[in-house]
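Working through the structure, step by step
Chain by chain, the residues run as shown.
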Amino acid sequence: GLKVYVVYSPTLVTAPGGAGRWPLHSDVEVTVALNGPSSTVNDNKVSGRRRDTRKRGQRLALWAISLEADTSRNGVVESNATNKTKWTWGPNGEGAILLVNCDRDGPSSGNMDNAYPYVRSHADLQDLSLVLLNTHGPAGVFSTHKLVLHTSVFDAGKVRVFHANGDSPPSNYEHVLGSDKLSYVVRSTDGRAQHTFYVEGLAFPDAGFKGLVSLHNLPATPVFTDTVVFRVAPWIMTPNTMKPLELFVCSIKEGHHPNQAFLKAIKVLAKKANCKLTICPEVENRGDRWIQDEIEFGYVQAPHKSFPVVFDSPRNRGLKEFPFKKILGPDFGYVTREPRDGYVSGLDSFGNLDVSPPVTVKGKQYPLGRILIGSSFPGSGNRRMAKVVRDFLYAQKVQPPVELYSDWLTVGHVDEFLTFVPAPNRKGFRLLLASPSACLKLFKEKQREGYGDAALFEGRVGRITVNDLLADTILHGDSKYVQSCIDWNRNILKRELGLSERDIIDIPQLFTLEGSTAMALFPDMVNMLVLGKHLGIPKPFGPIIHGECCLESQVRSLLEPLGLTCDFIDDFFSYHVLSGEVHCGTNVCRERFSFPWWNMIP
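Residues numbered from 1 in each chain as written. Predicted model: local features only at pLDDT ≥ 70, side-chain atom pairs only at ≥ 80, totals over all residues. Heavy atoms only, no water.

So, on to helix α10 (residues 473-497). Between its first and last C-alpha atoms α10 spans 35 Å; for 25 residues at 1.5 Å apiece the expected length is 36 Å, and the two agree. Taken together, the buried positions of α10 are L475, D478, S479, V482, Q483, C485, I486, N489, R490, I492, L493 and L497. Where α10 begins, the capping side chain belongs to D472, and its oxygen is found 3.0 Å from the backbone nitrogen of I474. (Helix = DSSP H or I, 4+ residues; strand = E, 2+ residues; numbered from the N terminus. Expected span 1.5 Å × (residues − 1). Buried < 20%, exposed > 50% of the residue type's maximum accessible area, 1.4 Å probe, protein only. Polar contact = N/O pair within 3.5 Å; in protein donor to acceptor, adjacent residues only side chain to side chain.)

Here it is as structure tokens:
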């Protein structure tokens, strides 16, 4: 079972004939190989003789050591995997995947599972990635050698490794690597053995951390090493076009703006869409109705496991405790980012965070879409989303962010002027943009048709006729400015999402300037709730013509041909007069993408 190979240059060395001895030379390389593990230490020997000296030999033994993980990404740990030492993207890529264990499978009053240096339960174990250490070698080898599992100082803060102890429960698994533990001596036995380890992710990719971590095994005196590289699974957002699973809304009974009528309409819509509804009571929301601003839903995925993860914004108002105390739980994770200086602006609320459906831009595919962040006009130095939040979003890599201009709005959120709805053709969706120009055009048409005396806000507050609006030169100036701000974003979205004008629908909407920033004049219809084909749209209270609001009629004519159902919901006193709308007051956990994130090429 022992083979000797000689590499040489025929111009310098002459090969011996028959079974003669090989002449040694400085340009001769001798390689010795064994077919399989040795039965005893030093059970093989190669010898040579230098001229006029006694015979010298080298005793040899072979022992096989390997670290194995799911590097093929099929949910199975395979032996003798190749390319374990690097991580590559794409459908033909290789490399293991690690989940951040950020759910809570333990007691409901506890922290996230990865806050504890032990495995909490069998359910907790499912969130970890399996690693096998296989050894096969001669008797007595571990009397003179040690087998060590090792990770770097940097990686030790990102992972935790547990050694399974036979048939003992997971809570008895030994914590061997992570935090201040950089190496672990494996108690080895002679012959063939397999050691089972579970690896837990502690940190998402972020600024200064690309998401790659490595585990190594090596003898104390390095003779052989093996390495497995993991990539931590990113946090992934889900767009409006994904199937809704659970709708969240707050109940507000006290104060001047209760929302019980609004809740009744939301319940009807949720039932139509066959979507689970969770109502956050006032004792938990503490008077904070803006649940879209507090949280964003996404998920994490590995070949063996996936679960939703709620991203908690740093706005920290009445709903501050709700996501951690009530959403975090079994197979439902939690993540947050807080600015070190504690300063947050209105742009840090997650109504200012959205994601497109999958798009292709100049041949570049974004199968998980692109994140949209509202920001300030380039070079203005005004409000921006906190750097710690933006850094986190950029570091996930799989949904490269696009920064838009939203600081022209008083509240400053992207959901005030855009949304996406599913569509049966073209790209599978339409981008809806608020449009003052489309609204003024509609009102001018109604005026020419003889409906200039029809009024907005009938039965709400005041009364403004179409004639009054079209005669208001200040409103025209405001509309021209707002339209220019939206058109700036329109061009960015067309360029960065690969859209054409046929992919965009203009929704009539007017804004007025209060100082230097804009607010919706009537309930902002693009700030809608999308539940599959069912849309919960703020009721605009536009001019009534032939017994129907002309704004509602226009929106129906634009969206119903796409197979969508428009339900107009009265949020006037419960949300609109408080500077928000239906989308601001609701939030949806959606089904994850069927496309595995590791199959894309960032």
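From this point, the narrative continues.
One open sheet accounts for three strands, arranged β33-β34-β37; its pairing is mixed. Strands at the two margins of the open sheet, each flanked by one partner only, are β33 (529-531) and β37 (565-569). Across the sheet, the axes of successive neighbouring strands diverge by a mean angle of 20°, strand direction being ignored. Across three bridges, the pairing between β33 and strand β34 (residues 534-538) is antiparallel. If you follow L531 over to β34, its bridge partner there is H534. Helix α11 (residues 550-559) contacts β34 and β37 of the sheet and is inclined by roughly 155° relative to β37. (Pairing = 2+ DSSP bridges. Axes fitted to C-alpha atoms, helices over the stretch in contact; angles between N-to-C directions. Contact = heavy atoms within 4.5 Å.)

Quick look at the pairing of β34 now. Each regular strand shows side chains that alternate between the opposite faces of the sheet. Burial runs high along β34: five of the five residues are buried. Burial along β34 is two-sided: the residues H534, G536 and P538 and L535 and I537 are all buried. Between β33 and β34, which pair antiparallel one after the other, the connecting turn spans two residues, and G532 there sits at a positive phi close to 65°.

Topologically, Q292 is positioned in helix α5 (residues 291-294). On the basis of relative accessible area, Q292 is assigned to the buried category, the value being 5%. What Q292 contacts, discounting residues up to four positions off in sequence, is F350, G351, D415, H583, C584, T586 and N587.

Turning our attention to the environment of L277. One can find L277 in strand β17 (residues 276-280). Take L277: its relative accessible area is 26%, and that puts it in the partly exposed class. Expressed as a C-alpha distance, the spacing of L277 and K267, which sit ten residues apart in the sequence, is 7.3 Å.

This part takes up the nonpolar core. Ranked by size, the top nonpolar core spans 74 residues in total, and within it F197, F230, L393 and W597 carry the most contacts. For this core, the element with the highest residue contribution is strand β18 (residues 295-302), accounting for five residues. Beyond its immediate stretch of four places on either side in the chain, F197 contacts S129, L130, V131, L133, L149, V161, F162, H163, V176, Y184 and V186. Ranked by size, the runner-up nonpolar core spans 65 residues in total, among them A423, L440, L442 and F522. (Core = buried A, V, L, I, M, F, W, Y, C linked by side-chain atoms within 4.5 Å.)

This brings us to the packing of aromatic side chains. Under the defined criterion, the tally for this structure stands at 24 aromatic pairs. Between the aromatic rings of W235 and F392, the centroid separation amounts to 6.2 Å while the plane-to-plane angle is 45°, which identifies the pairing as tilted. One end of the pair, W235, is in the loop between β14 (226-232) and β15 (236-237); the other, F392, is in helix α7 (residues 387-395), and 157 residues separate them in sequence. Geometrically, the ring pair formed by F297 and F332 is edge-to-face, given 6.0 Å between the ring centres and 65° between the ring planes. Taken together, the residues F297 in strand β18 and F332 in the loop between α6 (322-327) and β20 (333-336) connect sequence positions 35 residues apart. Residue F297 shares its accessibility class with F332, and that shared class is buried. Ring pairs connect the aromatic residues F204, W235, F311, F350 and F392, which therefore count as one cluster. The ring of Y366 is capped by K364, whose NZ or CZ atom sits 6.0 Å from the centre of that ring. In this structure, K539 is placed above the aromatic ring of F541, and the distance from its NZ or CZ to the ring centre is 5.7 Å. (Phe/Tyr/Trp six-rings, centres within 6.5 Å; stacked < 30°, edge-to-face > 60°. Lys NZ or Arg CZ within 6 Å of the ring centre and 35° of its normal.)

The next subject is empty space enclosed by the protein. For the coordinates displayed, the defined rule picks out two cavities of 30 Å³ or more. Approximately 170 Å³ is the volume found for the largest cavity. Mapped by element, the contributors of at least two residues to the lining of the largest cavity are β21 (353-355), β33 and β38 (586-590). Looking at which element gives the most residues to the lining of the largest cavity, the answer is β38, with four residues. Looking at the second largest cavity, the residues that line it are W89, P205, K210, R231, V232, P234, A395, Q396, K397 and W597. (1 Å grid on protein atoms, 1.4 Å probe; cavity = no way out; pocket = protein on both sides within 12 Å on 5 of 7 lines; lining within 4 Å. Points joined across faces, edges and corners; volume = space filled by probe spheres on them.)

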